[in-house]
Every structure is written in structure tokens, then in C-alpha cells.
Amino acid sequence: LRRLFCFNASAPSLSKKKPLVFMGSPQVSVTVLDALLNSSSSPSSNFEVAAVVTQPPSKRERGRKILPSPVAEHALERGFPSDLIFTPERAGEEIFLSNLRDLQPELCVTAAYGNILPTKFLKIPTLGTVNIHPSLLPLYRGAAPVQRALQDGVKETGVSLAFTVRALDAGPVIAYERYEVDDKIKAPDLLELLFCKGSELLMRELPSIFDGSAKLKAQPQDDSKVTLAPKVTPEESWLSYDQDATLLHNKVRAFAGWPGTRAKIAIIDEGNGQRDVVDIKIITTRVSAHQIVPENEIDDISFTKGAIVIPCGGGSALEVLEVQLPGKKVVNADAFRNGLRGRKLKKA
């Protein structure tokens, strides 16, 4: 009896891992899912990923095939059980909420999930829901924080880890990390970088979230400093030549990937006078160091080595390094010039 008692007293207690639900949809969310899956598989981990929630399959890529979200695809590739990948149209659906309650999650983590979370959802996880948001909250609350920050030409941004409340991106901030922005980086690259930093921030703060101390240290946001980052629309993709070149350059960086930026140019054959107006996608730009464009040349589009030079507002000029004609591949400025075969360009 003494031996049995001593054995039982020294046997390790098997503590159950805390159930965590991850919610994300686009490719940038995959970094966060990976960090959680890798950490949860460690023998010393105190949590497990109990479910993955993502947007329903949709038409993607060139063939417009109906495909699972990048997060769903990656979860399946990693061997995550398909019956634990939920794809509700809305996060307030009763069947989905019932399935979620059955899992009894202690925590939900969101990273670019893309769906509004109603109050009845937020009441389910006992420790709440935390969100990785790619801005320094309360700046750039909303759907497009990275795009709007680049459009504004910010020199600094960052990523925040915050508790989710019913109001959009308005919850207390657990932690944040700043990032210096150079004037060349485009939205897809900055988005990927910030979610990478966000996943590191999450892993660093998870212990404090699980032991409850994160709730105590989280700082309320200063509502007087709020700026908004509304969703980008395709109608915004057009460039207006009467704006300053710096504004146009920032817009090109901000809207890279989707919806892109477009402009109209006229291709003129001086031999027969034929004038064709075409829409081109502006892919990569820089602001010309030669600021003053003479008034009599304001409509002329010229070339320097490696760039198409477009006169813009205030005597400024935008140098376009890469373009794409409808139905064609992206080409650099020199290749585009060669394809003109001596024809001239003007603003349209």
C-alpha cells in the first residue's frame, strides 16, 4: 500500500490542453495558423487548435474555379481534420454557433478572417477573442489598414494584438509592434510582413492571455485618435494625372495586387495620324527627381532609361517602371517602348 501510494503521489498529472479556435481566410493568415499549429504540437504546449474557421469556397484565380480559402487549403495540407474546418457564410449562423459551443473553446484568434463577429459569438470563448490587426490601433480601423496607410504615405505603421469587441477594431490593445515604412514597399509585401510580425507577437503574448494577465494589462484605445480604413473599391483604381506624382506613386503601392492602378494613354502614329486610347495597368513607379515639367510639355509622355515619364500635377512627374497592357504580361518600361515601334505617347 505504501509503495502504491508513493507511486500515485509522484505520477505526473495529465492536464487537458486548452481548446483554441483559429479564424482566418487569405494567404497572409496562413503564417498565423502555422505558428499556432507548430506551437500546439509541442509536448509542453498548454493549448490545441480545436477548429479552423474560414470563408466559404469562392471563385479564385484565372480559371475562376471555386476553391477553398488559402487557410482551408493549408489546414488540409497539414492534415487538419476536414470536419473541424468550418466555413459559415456568416459568423452568426446558429448551426455554426452550436458547433462552436460544443468545442467549448477557451480562446478564439482571428487574423484577416473577413466576417463580422456578433455578440452571441463573442460570448462563447471563455477568455475572449483576440485579433491581429496590421496597424497601430486606433489608427486605420477597418478592412484595408495597410492599403490606406500606404495611400496616405505613412513613414511608420505596425501591427496590434487586441481583444475583439462588438465595435469594429475598437477593443483594448494587448501589445503592438512598430515598423518603419520605406517608400518602395507595396501593399502585398507589407501585409505579409506585418502578419509575420503579428504571429510572433501572438505567440509571445499567448501565455499572458491564457493566465488572464493580458486582460489586466490591455490598454483601452484613445477614441479621439481613431482613423478609418474603408474597403478599397475597383472604382478607385484610376489614376488622375492632375494629382501630384507622390500621391499617385503612393496609390500604386497601396493598390498593388488588388485592384491595381490604371491609367489611359494615347498611342499616336505620327505617320498616319492614327490615335489609339488604351487602358494600361501601372505596376511599379517612382517619383521623378526632376520636378518641374514645362507647361508646353504637360501632355507629352516621354522616356528616360528604364522609365516612362508622365507629367503630373504641380509640375511633378511620375516615372513608371513596369506596365501591363490588357491581356498581356507585365513588362518593364524599355520593353514597352520597344513595342511601340516609334509611335509616340500622350496623356488621354
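All of these numbers come straight from a predicted model, not from anything done at the bench.

Conventions we followed
Residues numbered from 1 in each chain as written. Predicted model: local features only at pLDDT ≥ 70, side-chain atom pairs only at ≥ 80, totals over all residues. Heavy atoms only, no water. Domains from an automatic or database assignment. Contact = heavy atoms within 4.5 Å. Buried area = accessible area lost by both parts, 1.4 Å probe. Salt bridge = Lys/Arg side-chain N within 4 Å of Asp/Glu carboxyl O. 1 Å grid on protein atoms, 1.4 Å probe; cavity = no way out; pocket = protein on both sides within 12 Å on 5 of 7 lines; lining within 4 Å. Points joined across faces, edges and corners; volume = space filled by probe spheres on them. Helix = DSSP H or I, 4+ residues; strand = E, 2+ residues; numbered from the N terminus. Axes fitted to C-alpha atoms, helices over the stretch in contact; angles between N-to-C directions. Parallel < 35°, antiparallel > 145°, perpendicular 65-115°, else oblique. Left-handed = near helix turned anticlockwise from the far one by under 90°. Nonpolar A, V, L, I, M, F, W, Y, C, P; charged D, E, K, R; others polar. Pairing = 2+ DSSP bridges. Buried < 20%, exposed > 50% of the residue type's maximum accessible area, 1.4 Å probe, protein only. Arc of directions from axis to C-beta. Phe/Tyr/Trp six-rings, centres within 6.5 Å; stacked < 30°, edge-to-face > 60°. Lys NZ or Arg CZ within 6 Å of the ring centre and 35° of its normal.

### Some remarks on the domain arrangement of the protein
For step 1, the next point in the chain: According to the domain assignment, the protein contains domain 1 (18-229) and domain 2 (235-347).
For step 2, the next point in the chain: Between domain 1 and domain 2, the C-alpha centre-to-centre distance is 37 Å.
For step 3, the next point in the chain: Between domain 1 and domain 2, the contact holds 13 residues from the first and eleven residues from the second.
For step 4, the next point in the chain: The junction of domain 1 with domain 2 conceals about 950 Å² of combined surface from both sides, 48% of it contributed by carbon and sulfur atoms.
For step 5, the next point in the chain: For the pair domain 1 and domain 2, the number of links is one salt bridge.
For step 6, the next point in the chain: Two residues, Arg148 and Glu236, come together in a salt bridge whose shortest N-O distance is 2.9 Å.

### Things to note about the layout of surface pockets
For step 1, the next point in the chain: Quantified by volume, the second largest pocket comes out at close to 280 Å³.
For step 2, the next point in the chain: Every residue lining the second largest pocket is counted, 18 residues in all, and those nearest its centre are Asp183, Lys184, His249, Arg253 and Arg286.
For step 3, the next point in the chain: Counting only elements with at least two residues in the lining of the second largest pocket, the list comes to helix H9 (245-254) and strand S11 (275-287).
For step 4, the next point in the chain: Among the domains, domain 1 (18-229) and domain 2 (235-347) are the pair contributing at least three residues each to the lining of the second largest pocket.

### Here's the deal with the packing of helix H2 (residues 27-40) against helix H7 (residues 187-210)
For step 1, the next point in the chain: Packing of H2 against H7 leaves a shortest axis separation of 8 Å and a crossing angle of 25°. Here H2 lies roughly parallel to H7, going by the angle between them. Like other packed secondary-structure pairs, H2 and H7 cross with a definite hand, here right-handed. Facing Val28, Thr31, Val32, Ala35, Leu36 and Ser39 of H2, the residues of H7 in contact are Leu191, Glu192, Phe195, Cys196, Ser199, Leu202, Met203 and Leu206.
For step 2, the next point in the chain: Here the contact of H2 with H7 is composed, by residue class, of ten nonpolar, three polar and one charged.

### Considerations on the sheet that holds strand S5 (residues 85-86)
For step 1, the next point in the chain: Ordered by their spatial adjacency, seven strands build an open sheet running S5-S2-S1-S6-S7-S8-S9, and the pairing between neighbours is mixed. A single partner strand is all that each edge strand has here, and the edge strands are S5 and strand S9 (173-180).
For step 2, the next point in the chain: Looking at chain direction, strand S7 (residues 129-133) and strand S8 (residues 156-163) are connected through four bridges and run antiparallel. Its bridge partner being in S8, His133 is matched across the sheet by Ser160.

### Side note on the pairing of S8
For step 1, the next point in the chain: Counting buried residues in S8 gives seven out of eight residues, a clear majority hidden from the surface.
For step 2, the next point in the chain: Here S8 runs beside S9; their pairing, made up of seven bridges, is antiparallel. Bridge assignment links Ala162 to a residue of S9, and that residue is Val173.

### Side note on helix H4 (residues 94-103)
Since one α-helical turn is 3.6 residues long, residues separated by three or four positions face the same way.
For step 1, the next point in the chain: Of all the positions in H4, only Phe96, Leu97 and Leu100 are classed as buried. End-on, the buried residues of H4 take up no more than an arc of 95°, which puts them together on one face. Exposed residues on H4 whose side chains face more than 90 degrees from its buried face are Ile95 and Asp102.
For step 2, the next point in the chain: Directly beyond the C-terminal end of H4, a positive phi value near 50° is found at Gln104.

### With respect to the packing of aromatic side chains
For step 1, the next point in the chain: Inspection of the entire model under this criterion finds three aromatic pairs.
For step 2, the next point in the chain: Relative to Phe121, the ring of Phe96 lies with its centre 6.3 Å away and its plane at 10°, an arrangement referred to as stacked. On the criterion of sequence distance, the pair formed by Phe96 in helix H4 and Phe121 in helix H5 (residues 119-122) is long-range, its members being 25 residues apart. Neither residue differs from the other here; Phe96 and Phe121 are each classed as buried.
For step 3, the next point in the chain: Three or more aromatic residues joined by ring pairs make a cluster, and in this case those are Phe86, Phe96 and Phe121.
For step 4, the next point in the chain: Against the face of Phe163 rests Lys215, its NZ or CZ located 4.7 Å from the ring centre.

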